[in-house]
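Structure at a glance
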Amino acid sequence: MVFELPALPYEKNALEPHISSETLEYHHGKHHQTFVDTLNELVEGTNDTDRSLEAIIQSETGALFDQAAEAWNHTFYWHCLSPHGGGEPKGDLAKAVDTRYGSFSTFKERFNSQAMDNFGSGWIWLLKTEDGSLDIVSTRDTDTPIARGLTPLLAIDLWEHAYYIDHRDARKRYLESVWQIINWDFVSLNFS
């Protein structure tokens, strides 16, 4: 196997009650694992075995892109969450949020609104633009900003497998809950 499923950066029950250990068992242990396994099947015996996920994402299309992107997106997502997360960003990131959106509460409203407007499966991202400002971008299905050379700071998975066990079809409840575990230290590190 060329690519391996990375371990979660916390215990499976660490995000409770916001994300259950059962959700992480399925989401990380089954869905994310399947993306990695399928990616390995696709690259077996090809020159792609020596390439990074990022290189594959930036140059491929179709099934190979989809599996590499979902493997990368999920790894990034796990780090966007923390049992010690929540609250609001601090420092330079907080200033950038205030500059772009006026306040954290306005940013959060816009982020949630775009996440709710994402029909079907996908992701909601906070990105750092080329000029150093912030932008909220919603992507469909397996799309990822790194395919276009953009800098993700925060990602929230909007596929139903991210929240169905805990919240059924209530994406809004999932989003309200996930704000309690956002890893602002990781997001700030990406910003800097």
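Use the structure listed above.
Residues numbered from 1 in each chain as written. Predicted model: local features only at pLDDT ≥ 70, side-chain atom pairs only at ≥ 80, totals over all residues. Heavy atoms only, no water.

So, the overall build of the chain
Quick note on the threshold: Secondary structure elements follow DSSP: runs of H or I of four or more residues count as helices, runs of E of two or more count as strands, with numbering from the N terminus. Only the C-alpha atoms count toward the radius of gyration. The rule for a globule is 2.2 Å times the residue count to the power 0.38. Only protein chains enter the accessibility calculation, which uses a 1.4 Å probe; a residue is then buried when its area is under 20% of its type maximum, exposed when over 50%, and partly exposed in between. Contact criterion: two residues are considered in contact whenever any of their non-hydrogen atoms come within 4.5 Å of each other. Positive charges come from Lys and Arg, negative ones from Asp and Glu, while His and the chain ends are left out of the count. Where a charge lies is defined by one atom per residue type, namely NZ (Lys), CZ (Arg), CG (Asp) and CD (Glu).
Along the backbone of the chain there are eight helices and three strands. Counting from the amino terminus, helix and strand elements in the chain follow one another as α-α-α-α-α-β-β-β-α-α-α. Taking 2.2 N^0.38 as the reference for a compact globule, 192 residues should give roughly 16 Å; the C-alpha atoms of the chain span a radius of gyration of 16 Å, in line with that estimate. Considered along the principal axes of its C-alpha atoms, the chain spans approximately 50 × 40 × 30 Å. Across the 192 residues in the chain, those meeting the buried criterion constitute 46%. Nonlocal contacts in the chain, meaning residues at least 24 apart in sequence, comprise 67% of its contacts between residues at least 6 apart. Taking the average place of the 15 positive charges on the side chains of the chain and the average place of its 30 negative ones, the gap between the two points comes to 8 Å.

Observations regarding the environment of Val 36
Looking at where Val 36 falls in the secondary structure, it is placed in helix H1 (residues 21-43). Note on Val 36: relative accessible area 2%, which makes it buried. Distance in space between the C-alpha atoms of Val 36 and Trp 72 is 9.3 Å, their sequence separation being 36 residues.

Description of the pairing of strand S2 (residues 134-140)
What counts here: Following DSSP output, two strands are said to pair if at least two bridges run between them.
Pairing geometry for strand S1 (residues 122-128) and S2, over seven bridges, is antiparallel. Within S2, the residue paired with Lys 128 across the bridge is Leu 134. Joining the antiparallel neighbours S1 and S2 is a turn of five residues, in which Gly 132 adopts a positive phi near 90 degrees.

Things to note about unusual backbone geometry
Following Glu 16, the chain continues to Pro 17 via a peptide bond in cis, the omega torsion being 10 degrees. With respect to the helices, strands and loops of the structure, Pro 17 is situated in the segment before H1. Even without a glycine there, the phi angle at Asp 141 is positive, about 50 degrees. Summarising the element assignment, Asp 141 is placed in the loop between S2 and strand S3 (151-157). On the basis of relative accessibility, which here comes to 37%, the residue Asp 141 falls in the partly exposed class. Phi is positive for Arg 168, close to 55 degrees, though the residue is something other than glycine.

Considering the packing of helix H4 (residues 91-101) against helix H5 (residues 104-117)
To keep things clear, this is the line we draw: Interaxial angles span 0 to 180 degrees and are taken between N-to-C directions of axes, which are lines fitted to C-alpha atoms, for helices over the stretch in contact. Roughly parallel covers angles under 35 degrees, roughly antiparallel covers those over 145, roughly perpendicular covers 65 to 115, and oblique covers all other angles. Ten residues, namely Ala, Val, Leu, Ile, Met, Phe, Trp, Tyr, Cys and Pro, are considered nonpolar, four, namely Asp, Glu, Lys and Arg, are considered charged, and the remaining ones, Gly among them, are considered polar.
One way to put it is that H4 packs onto H5 with a least axis distance of 8 Å and a crossing angle of 70 degrees. Here H4 lies roughly perpendicular to H5, going by the angle between them. Seen from H4, the contacting residues are Val 97, Asp 98, Arg 100 and Tyr 101; seen from H5, they are Phe 104, Thr 106, Phe 107 and Arg 110. Residue classes in the contact of H4 with H5 are distributed as four nonpolar, one polar and three charged.

What to know about the packing of H5 against helix H7 (residues 171-178)
Put simply, the rule reads: Handedness of a crossing follows from how the near helix is turned relative to the far one, being left-handed for an anticlockwise turn of less than a right angle and right-handed for a clockwise one.
Contact pair H5 / H7: the axes reach a minimum separation of 10 Å and the direction vectors enclose 150 degrees. One finds that H5 runs roughly antiparallel with respect to H7. Every pair of crossing elements has a handedness; the one defined by H5 and H7 is right-handed. Along the contact surface, H5 presents Asn 112, Ala 115 and Met 116, while H7 presents Arg 171, Lys 172 and Leu 175. Taken together, the residues of the contact of H5 with H7 sort by class into three nonpolar, one polar and two charged.

Here's the deal with the environment of Val 137
Structurally, Val 137 is set in strand S2. Spatially, the C-alpha atoms of Val 137 and Gln 114 are 7.7 Å apart, while their sequence positions differ by 23 residues. Val 137 has contacts with Gln 114, Trp 123, Ile 124, Trp 125 and Leu 127, leaving out every residue within four places of it along the chain.

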